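# Per-entry structural report
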Amino acid sequence: GAGVSQTPSNKVTEKGKYVELRCDPISGHTALYWYRQSLGQGPEFLIYFQGTGAADDSGLPNDRFFAVRPEGSVSTLKIQRTERGDSAVYLCASSPPSGRAPNEQFFGPGTRLTVL
Amino acid sequence: GESVGLHLPTLSVQEGDNSIINCAYSNSASDYFIWYKQESGKGPQFIIDIRSNMDKRQGQRVTVLLNKTVKHLSLQIAATQPGDSAVYFCAENRNSGNTPLVFGKGTRLSVIA
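Once a new chain begins, its residue numbering starts again from 1 and follows that chain's sequence as written. Note on labels: chains are lettered from A, ligands numbered from 1, in written order. Per-residue local features are limited, in this predicted model, to residues with pLDDT of at least 70; the limit for side-chain atom pairs, both in listing and counting, is 80 or more; totals at the level of whole chains, interfaces and linings are taken over all residues. With hydrogens and water set aside, each side-chain value is computed from the structure's full complement of heavy atoms.

## With respect to the state of the cysteines
Residue and element names in this part refer to chain B. The disulfide criterion used throughout: a pair of cysteine sulfur atoms within 2.5 Å. Tallying each qualifying case throughout the model produces two disulfides over all chains. Here C23 pairs with C90 through a disulfide, and the sulfurs are 1.6 Å apart. Of this pair, C23 sits in strand 2 (residues 19-24) while C90 sits in strand 8 (residues 86-93), and the two are 67 residues apart along the sequence. Residue exposure (1.4 Å probe, protein chains only): buried if accessible area is under 20% of the type maximum, exposed if over 50%, otherwise partly exposed. When its relative accessible area of 6% is taken as the criterion, C23 is described as buried. Numbered from the N terminus, helices here are DSSP runs of H or I no shorter than four residues, and strands are runs of E no shorter than two.

Here is the structure:
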């Protein structure tokens, strides 16, 4: 079956603009995670969803970042008033329902965001 | 694609030799650990996992060792192949169930043919 997909694969924007990054998780996976990976670093947690609700958003750096998952499947990460420091690869992961290898997270290819 | 981990520690290994990649974790309460492989321009790919009630787990050509006393994790790759060249990350999960992973610093493995 299909893995986690993310669109776009690359996004170049100008400082101050608004961007949306999309994640399609593996079908049937109830948990969805967003991470951010800067050059030379490991992924850093941003937010995760159980179903439609954000179970933990403690990793969001500030209120310019927001994410939704209105139907419990596709998720959108939204960044307002982008800054050059937001440039990174944004990774999405999903995992099966609790009780079925719950901790194994399957990652998408990421969206590389560049803020000029 | 963009290269991941330009400033990461690098391990260079001859093709056919065994590789050992080490990782120190920080939280003694972590109960689940995963090794991921990340190739340039791609997302992390699951390799092998281990729970805190075990100290060793084997997969195909890979073995993970967990030493909870010193909070150390290692990944052993047998008969390293050129396709194993990538950046490797360990990750820990600090609660049971579906919760975020905390990734360690990566190590770049370079296989010399």
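## Description of the side chain of T82(A)
Residues and elements named next belong to chain A. Relative to the assigned elements, T82 resides in the loop between strand 8 (75-79) and strand 9 (88-95). Polar contact is defined as a pair of N or O atoms within 3.5 Å, subject to the rule that within protein one atom must be able to donate a hydrogen and the other to accept it, and that residues adjacent in sequence are counted only when both atoms are side-chain atoms. At 3.2 Å, the side chain of T82 and the backbone oxygen of E14 are in polar contact. In what follows, a contact means two residues having at least one pair of non-hydrogen atoms within 4.5 Å. With sequence-adjacent residues up to four places away left out, T82 is seen in contact with T13, E14, K15, G16, K17, V19, R64 and V115.

## Side note on the layout of surface pockets
Here the largest pocket defines a volume of roughly 320 Å³. Around the largest pocket sit 21 residues that line it, and P43(A), E44(A), V102(B), F103(B) and G104(B) are the ones nearest its centre. If you list the elements that add at least two residues to the lining of the largest pocket, you get strand 5 (44-50) of chain A together with strand 9 (101-103) of chain B. Element by element, the count of residues in the lining of the largest pocket is highest for strand 9 of chain B, at three residues. With a 1 Å grid laid over protein atoms only, a set of points is called a cavity when a 1.4 Å probe fits there but cannot get out and a pocket when it is open yet has protein on both sides within 12 Å along at least five of seven lines; lining residues have an atom within 4 Å of a point. Grid points are joined across faces, edges and corners, and a volume is the space filled by probe spheres set on the points.

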